[in-house]
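Residues per chain are reported as follows:
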Amino acid sequence: MSTTELYLQTWQEARTRFTNLLDNISESDLRKKLGSAPNSAGFLIRHMAEVELLFAKNVFGAADVKVTAKTVISKSDTGEWTNLEELLTYQQQAGETLKAILQQQRDEDWQATITTKEFGTKTKAEAIGRIISHTAYHAGQLAMILKYGS
């Protein structure tokens, strides 16, 4: 199995920590927050999708990807992420976009370095770890909001 196939499998398995939460989510869940935490469930879903698209474009080279990272730009929950169908479609497209560009990576690409303002200079191998941990981190937040939030 190639390095690319191994990283792809790892990313896909890790992403299920997020996508499995979406199986039973309702539109009313999207407004939920945990205590005084600033972000709603809807915001987190949108944010994770936007960051996947940013990684696809800026790290892994999907130059044709168009993304306006509203959650990153606003840096706070504006309360607008309340359309479940739209959010589910957007996160699915983001996942498919990232998967498609990951599949195009050659084994030697994983040692190439990428510099971004968000996390400096990393190899693509380190960057895949970053997107995996980002999604898992926010999936944990989302799970807590869905379970205990109001």
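See the structure above.
All figures in this text were calculated on a predicted structure; none of them were measured in a lab.

K.L.:
Just give me the short version of the environment of Glu118, but keep the residues and values in it.
P.N.:
In this structure, Glu118 sits in the loop between β1 (113-116) and β2 (120-123). A relative accessible area of 52% places Glu118 in the exposed class. Sequence separation between Glu118 and Ala37 is 81 residues, and the spatial gap between their C-alpha atoms is 23 Å.

K.L.:
Which residues make up the side chain of Gln105, and what values do they have?
P.N.:
Along the chain, Gln105 falls in the loop between α4 (84-103) and β1. For Gln105, a relative accessible area of 7% translates into the label buried. There is a polar contact of 2.8 Å between the side chain of Gln105 and the side chain of Lys124.

K.L.:
How would you sum up the nonpolar core? Please name residues and give values.
P.N.:
Ranked by internal contacts, the top residues of the largest apolar core, which has 26 residues, are Trp11, Phe55, Phe60, Leu98, Leu102 and Ile128. Breaking this core down by element, the ones donating at least two residues are α1 (3-19), α2 (41-59), α4 and α5 (124-148). The element that contributes the greatest number of residues to this core is α2, accounting for 6 residues. Those residues in contact with Ile128, other than ones at most four positions away along the chain, are Tyr7, Trp11, Phe60, Leu102 and Trp110. Formed by 16 residues, the second largest nonpolar core is a distinct cluster that contains Ala41, Phe43, Ile145 and Leu146.

K.L.:
Account for the packing of aromatic side chains, naming residues and giving values.
P.N.:
For any pair of aromatic rings, the description consists of the separation of the ring centres together with the inter-plane angle of the planes. Under the criterion given, the structure shown has 3 aromatic pairs. Ring geometry for Tyr7 versus Trp110: centroids 4.5 Å apart, planes at 45°, classification tilted. Of the two residues, Tyr7 sits in helix α1 while Trp110 sits in the loop between α4 and β1, which places them 103 residues apart along the sequence. On the basis of relative accessible area, Tyr7 is assigned to the partly exposed category, the value being 25%. Using a relative accessible area of 2% as the deciding quantity, one classes Trp110 as buried. When the ring of Phe55 is compared with that of Phe119, the centres are 5.5 Å apart and the planes differ by 20°; the resulting orientation is stacked. Here the residue Phe55 occupies a position in helix α2, and Phe119 occupies one in the loop between β1 and β2, the gap between them amounting to 64 residues. Phe119 matches Phe55 in its accessibility class, with the two residues each being buried. One aromatic cluster is present, built from ring pairs that chain together Tyr7, Phe60 and Trp110. Over the face of the ring belonging to Tyr90 we find Arg46, whose NZ or CZ atom lies 4.0 Å from the ring centre.

Reading guide: rules and limits
Residues numbered from 1 in each chain as written. Predicted model: local features only at pLDDT ≥ 70, side-chain atom pairs only at ≥ 80, totals over all residues. Heavy atoms only, no water. Helix = DSSP H or I, 4+ residues; strand = E, 2+ residues; numbered from the N terminus. Buried < 20%, exposed > 50% of the residue type's maximum accessible area, 1.4 Å probe, protein only. Polar contact = N/O pair within 3.5 Å; in protein donor to acceptor, adjacent residues only side chain to side chain. Core = buried A, V, L, I, M, F, W, Y, C linked by side-chain atoms within 4.5 Å. Contact = heavy atoms within 4.5 Å. Phe/Tyr/Trp six-rings, centres within 6.5 Å; stacked < 30°, edge-to-face > 60°. Lys NZ or Arg CZ within 6 Å of the ring centre and 35° of its normal.

Function cannot be read off these values alone, since they describe shape.
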